[in-house]
Amino acid sequence: MSRKTKPAIKLLGKEARVAASPEKAVLDRVPNPHPTTYYVARFVVPEFTSICPITSQPDFAHIVIDYVPGKWLLESKALKLYLAAFRNHGAFHEDCIVSIGKRIGNFIKPRYIRIGGYWYPRGGIPIDVFWQEGKVPQGLWLPDQGVAPYRGRG
């Protein structure tokens, strides 16, 4: 990409608000400056929230997104706004994590992606949801997500 050519970024560097729903949220991507190099990019979201679709009570999670980029990188401001759109969205834990993974995967087409959703308990039961797509490239160091099994999550 030449210096004169800029990617069509919709949110970065502009005023932006959280969308009314995850479906209406915009994701952005930028060209990967190292498309032939295998490496892991990680986003950690320690304060993810959504709403229980039955009780309308808030649910809280610590989410870790790991991906091995191909042609595209996921732009972080757009990701933050997309994930914030779940704040008033009614969905079960499993649906949130799988929907996030599929949307990101379809948008940036990484070589590999995995998401760990570590949900804080309501009713005494934590629910952890894991989703992945693709194969880890051979020889790539893929670190542990660093979230301990539930013991008060602290």
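Residues numbered from 1 in each chain as written. Predicted model: local features only at pLDDT ≥ 70, side-chain atom pairs only at ≥ 80, totals over all residues. Heavy atoms only, no water.

## Digging into the confidence of the model for the protein
Our working definition: The predictor rates its confidence in each residue with pLDDT, a number between 0 and 100. Helix and strand assignments follow DSSP, with helices taken as H or I runs no shorter than four residues and strands as E runs no shorter than two, numbered in order from the N terminus.
Chain-level statistics for the protein give a pLDDT mean of 90 and a share of 88% at 70 or above. Model confidence for the protein, summarised as mean pLDDT per element, is weakest for strand 1 (residues 29–31) at 95 and strongest for helix 2 (residues 93–108) at 98.

## Description of the pairing of strand 3 (residues 58–68)
Our working definition: Each residue is placed in one exposure class: buried if its accessible area under a 1.4 Å probe, protein chains only, is under 20% of its type's maximum, exposed if it is over 50%, and partly exposed if it falls in between. At least two DSSP bridges between two strands are required for those strands to pair.
In terms of burial, strand 3 is largely enclosed, as nine of its eleven residues are buried. Pairing geometry for strand 2 (residues 41–51) and strand 3, over nine bridges, is antiparallel. Opposite Thr49, over in strand 3, you have Phe60 as the bridge partner. Where strand 2 folds back onto strand 3 in an antiparallel hairpin, the turn is made up of six residues, including Ser56, whose phi is positive at roughly 65°. With eight bridges joining them, strand 3 and strand 5 (residues 112–119) adopt antiparallel strand pairing. Paired with Tyr67 across the bridge in strand 5 is Ile113.

## Considering the pattern of salt bridges
Rules: The salt bridge definition used is simple: a Lys or Arg side-chain nitrogen within 4 Å of an Asp or Glu carboxyl oxygen.
Scanning the entire structure with this criterion turns up three salt bridges. A salt bridge links Asp66 to Arg42; the nearest nitrogen and oxygen atoms lie 2.5 Å apart. A residue pair is termed long-range when its members are at least 10 positions apart, and Asp66 in strand 3 and Arg42 in strand 2 qualify at 24 residues. Look at Asp66 and you get buried, because its relative accessible area is 0%. Among the residues examined, Arg42 registers a relative accessible area of 34% and is labelled partly exposed. The partner of Asp66 in a salt bridge is Arg114, with the nearest N and O atoms 2.8 Å apart. Highlighted residues: Asp66 in strand 3 and Arg114 in strand 5, separated in sequence by 48 residues.

## Details of the packing of aromatic side chains
What counts here: Stacked, tilted and edge-to-face pairs are distinguished by plane angle, under 30 degrees for stacked and over 60 for edge-to-face with tilted covering the rest, among Phe, Tyr and Trp rings (Trp via its six-membered ring) whose centres lie within 6.5 Å. Here, over-ring charges are defined by two tests on the NZ atom of lysine or the CZ atom of arginine: distance to the ring centre within 6 Å, and angle to the ring normal within 35 degrees.
Under the criterion given, the structure shown has five aromatic pairs. Relative to Tyr67, the ring of Phe43 has its centre 6.3 Å away and its plane inclined at 10°; by these criteria the two rings are stacked. Of this pair, Phe43 sits in strand 2 while Tyr67 sits in strand 3; the two residues are 24 residues apart in sequence, bridging distant segments of the chain. This pair shows no difference in class: Phe43 is buried, exactly as Tyr67 is. Here Tyr82 and Phe86 contribute two aromatic rings whose centre-to-centre distance is 5.4 Å and whose plane-to-plane angle is 80°, an arrangement assigned as edge-to-face. The class of Tyr82 is buried, set by a relative accessible area of 2%. Residue classification places Phe86 among the buried positions, given a relative accessible area of 2%. Ring-pair connections join several aromatic residues into one group, and the members of that group are Phe48, Tyr82, Phe86 and Trp119. One cation-aromatic arrangement involves Arg29 over Phe107; the distance from NZ or CZ to the ring centre is 5.0 Å.

## Quick notes on the environment of Gly116
As a reminder of what qualifies: Two residues qualify as a contact provided that any one of their heavy atoms is within 4.5 Å of a heavy atom in the partner residue.
Tracing the backbone through its elements, the reader meets Gly116 in strand 5. The exposure class of Gly116 is buried, given its relative accessible area of 0%. Once you skip the residues sitting within four places of it in the chain, Gly116 turns out to touch His62, Ile63, Val64, Val129, Phe130 and Gln145.

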